[in-house]
Amino acid sequence: MKFFVDTADIDSIRELNDLGMVDGVTTNPSLIMKAGRDIQEVTKEIADMVDGPVSAEVVATEYDDMIAEGRHLAKIAPNICVKVPLTWAGLKTCKTLSDEGTQVNVTLCFSANQALIAAKAGATFISPFIGRLDDLNMDGMDLIQDIRTIYDNYDFKTQILAASIRSANHMKDAALIGADVATAPPGVIKAMANHVLTDKGLDAFLADWAKTGQSIL
Ligand code: E4P
């Protein structure tokens, strides 16, 4: 499973990228707002840093304006993936941009039918939002599973990008189901390394080591 980082925070991306853990980045208008940076500037900086796709989202809601924004964003760098919402205008934009050779991430997906129609429109990535479904007492992972089944049934090439990930368990479950990509905040990716027994075991080893009075160097 590929790891995308869901942030526009340059330092967090750099830390994970230096560890070879970043296969791509996703941003959205809320994350740009949180970063407090100019969208063009920060997107360019991210795209220059990472090798994989960097999603930059349009904010227009009508087809003509979405296309104009999408083409503009795509010019920022060769690895820009234009993100469009799963609306009818978004699907039309997806089709046009993907026909032009631009990668498109169709976002705000909450149903298997939406994922199916996005694949028909030529989406490079479909972004089902797990956490926001879980927030409503629905099972976001069931959606990932349904999309996996549908895409495999018909050999759709659209990649499932599990989004709105809130925990390390979400990462594990997405990987078990076979999501192609998971995008998560930096803190969630780092939390994947944590285990209480690791901390406990290390404490015990260090306590015993202190009793030996030795030093390695
Ligand atoms: C995905 O591309 C979105 O940016 C993101 O995963 C949304 O996550 P949230 O539901 O935590 O805002």
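Just so we're clear, the structure is a prediction, and the values are computed from it rather than from any experiment.

What counts and what doesn't
- Residues numbered from 1 in each chain as written.
- Predicted model: local features only at pLDDT ≥ 70, side-chain atom pairs only at ≥ 80, totals over all residues.
- Heavy atoms only, no water.
- Buried < 20%, exposed > 50% of the residue type's maximum accessible area, 1.4 Å probe, protein only.
- Helix = DSSP H or I, 4+ residues; strand = E, 2+ residues; numbered from the N terminus.
- Arc of directions from axis to C-beta.
- Contact = heavy atoms within 4.5 Å.
- Polar contact = N/O pair within 3.5 Å; in protein donor to acceptor, adjacent residues only side chain to side chain.
- 1 Å grid on protein atoms, 1.4 Å probe; cavity = no way out; pocket = protein on both sides within 12 Å on 5 of 7 lines; lining within 4 Å.
- Points joined across faces, edges and corners; volume = space filled by probe spheres on them.
- Nonpolar A, V, L, I, M, F, W, Y, C, P; charged D, E, K, R; others polar.

A. Region of the structure containing helix α3 (residues 39–49). Val 42, Thr 43, Ile 46, Ala 47 and Met 49 are the residues of α3 that are buried. The buried residues of α3 occupy one face: seen down the axis, they fall within an arc of 160°. If you follow the buried residues of α3, they end up packed against α1 (10–18), β2 (24–26), α2 (29–35), β3 (54–57) and β4 (80–85). The N-cap of α3, judged by a side-chain oxygen 3.2 Å from the amide nitrogen of Gln 40 a few residues on, is Asp 38.

B. Summary view of the layout of surface pockets. By volume, the largest pocket is sized at about 440 Å³. As for the largest pocket, its lining consists of 24 residues, and the residues nearest its centre are Asp 6, Asn 28, Leu 31, Arg 132 and Pro 185. Looking at the lining of the largest pocket element by element, the count peaks at 4 residues for α2. Looking at side-chain class alone, the lining of the largest pocket contains 9 nonpolar, 8 polar and 7 charged residues. In this structure, the second largest pocket is lined by Thr 27, Asn 28, Pro 29, Ile 32, Ile 39, Gln 40, Glu 57, Val 58, Val 59, Glu 69, His 72 and Leu 73. The set of elements that each furnish at least two residues to the lining of the second largest pocket consists of α2, α3 and α4 (63–74). When residues in the lining of the second largest pocket are grouped by element, the largest group, 3 residues, is from α4. Class assignment for the residues of the lining of the second largest pocket results in 6 nonpolar, 4 polar and 2 charged.

C. Looking closely at the side chain of Gln 159. Among the secondary structure elements, Gln 159 is positioned in strand β7 (residues 159–162). Among the polar contacts made by the side chain of Gln 159, one reaches the side chain of Lys 2 at a distance of 2.8 Å. Once residues lying within four places of it in the same chain are set aside, the contact partners of Gln 159 are Lys 2, Thr 124, Phe 125, Ile 126, Asp 180 and Val 181.

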